[in-house]
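# Architecture at a glance
Residue strings, one per chain:
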Amino acid sequence: MLNVIEPALQIALTDCRRIGQIAIQKLDDGGLALSHHDDKTRNDLKLFHSAEAAIEIARYDDAGNYRPLKTAPNLSHGWRLELATLDALRRALDYFYPGRLAVFAAWKSGQLQTTPLRKTLDRQSGMYRVAAKISDEQIDYVVGDFCRSDGGCLRTILWNRDKQGTVASTKLPQEKFDPAFDQTKAGGRPGLATPATAAIAATGIPLLCQEACNLLVAGCREAVKIEGAAPSAPE
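Residues numbered from 1 in each chain as written. Predicted model: local features only at pLDDT ≥ 70, side-chain atom pairs only at ≥ 80, totals over all residues. Heavy atoms only, no water.

## Focus on the packing of aromatic side chains
Each aromatic ring pair is described using two quantities: the centre-to-centre distance and the angle formed by the ring planes. Inspection of every chain in the model, using the stated rule, returns three aromatic pairs. Their ring planes at 75 degrees and their centres at 6.4 Å tell us that Tyr 60 and Tyr 66 sit as a pair that is edge-to-face. Taken together, a centroid distance of 5.2 Å and an interplanar angle of 25 degrees make the contact between Trp 79 and Phe 96 stacked. Of this pair, Trp 79 sits in strand E5 (residues 79–83) while Phe 96 sits in helix H3 (residues 86–96), placing them 17 residues apart in sequence. What makes Trp 79 buried here is its relative accessible area of 2%. The ring of Tyr 128 carries the charged tip of Arg 221 above its face, separated from the ring centre by 5.5 Å. (Phe/Tyr/Trp six-rings, centres within 6.5 Å; stacked < 30°, edge-to-face > 60°. Helix = DSSP H or I, 4+ residues; strand = E, 2+ residues; numbered from the N terminus. Buried < 20%, exposed > 50% of the residue type's maximum accessible area, 1.4 Å probe, protein only. Lys NZ or Arg CZ within 6 Å of the ring centre and 35° of its normal.)

Dropping the structure here:
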């Protein structure tokens, strides 16, 4: 897979200077520098030189809270990571956004396969098997809240709700499903037709979502459990 990812990354860097909340800058010596895109003009950033430093940078948000979802829009500020090679950049970005470069490379080559949410839920076992019982109405709200870009997840959704091609959630704006849209600029909340501000990701590598993550599956399970525990309405 590496011989596919690095050429795709090299081509992308010809025009792109951003992935998710990370700004990518080419240095005069041929190296590369990463920082939070909000920090590009700051000169008081803590400096790192190892790709592995990304592991700790990505672990907590600004308040020191653990980040279970690395594509959530809460990457910490105050750091600068300078790297010498494209390989180091690839490794660092994989620590920041696990698996997203491989998905991007597969998508660019036309080989990416997506999995409908219903299929993902149907293949669950053990304590997560009950997630498959979630209703379409519940999916609308769970996906609409968990996956929203402004506070949920910065990935662009490529999967459908079912094999019939039903949209993942009608509570999300259309741009949530468009790889050309910069999800960091999304201002819409669930239920709005479009974000408050639109911005095309002409200079960004999109974070693509080919199937529901484990955290979303857990959210579906929780929705079913809560519904099942709700008291029946009096007759």
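## Overview of empty space enclosed by the protein
Any space left empty among the atoms is revealed by the rolling of a water-sized probe across them. Across all of its chains, the model carries two cavities of 30 Å³ or more by this definition. For the largest cavity, the calculated volume is near 80 Å³. Taken together, Phe 146, Cys 147, Cys 153, Arg 155, Ile 157, Trp 159, Cys 209, Glu 211, Ala 212, Cys 213 and Leu 216 form the lining of the largest cavity. The residue inventory of the lining of the largest cavity, partitioned by class, reads nine nonpolar, no polar and two charged. (1 Å grid on protein atoms, 1.4 Å probe; cavity = no way out; pocket = protein on both sides within 12 Å on 5 of 7 lines; lining within 4 Å. Points joined across faces, edges and corners; volume = space filled by probe spheres on them. Nonpolar A, V, L, I, M, F, W, Y, C, P; charged D, E, K, R; others polar.)

## Let's talk about the pairing of strand E2 (residues 22–26)
Pairing of strand E1 (residues 18–19) with E2 involves two bridges; the strand directions are antiparallel. Considered in E2, the bridge of Arg 18 is made with Ala 23. What sits between E1 and E2 in their antiparallel hairpin is a turn of two residues, with Gly 20 showing a positive phi close to 60 degrees. Examined bridge by bridge, E2 and strand E3 (residues 32–36) share five bridges and lie antiparallel to one another. (Pairing = 2+ DSSP bridges.)

Don't take any of this as a statement about function, it's just geometry.
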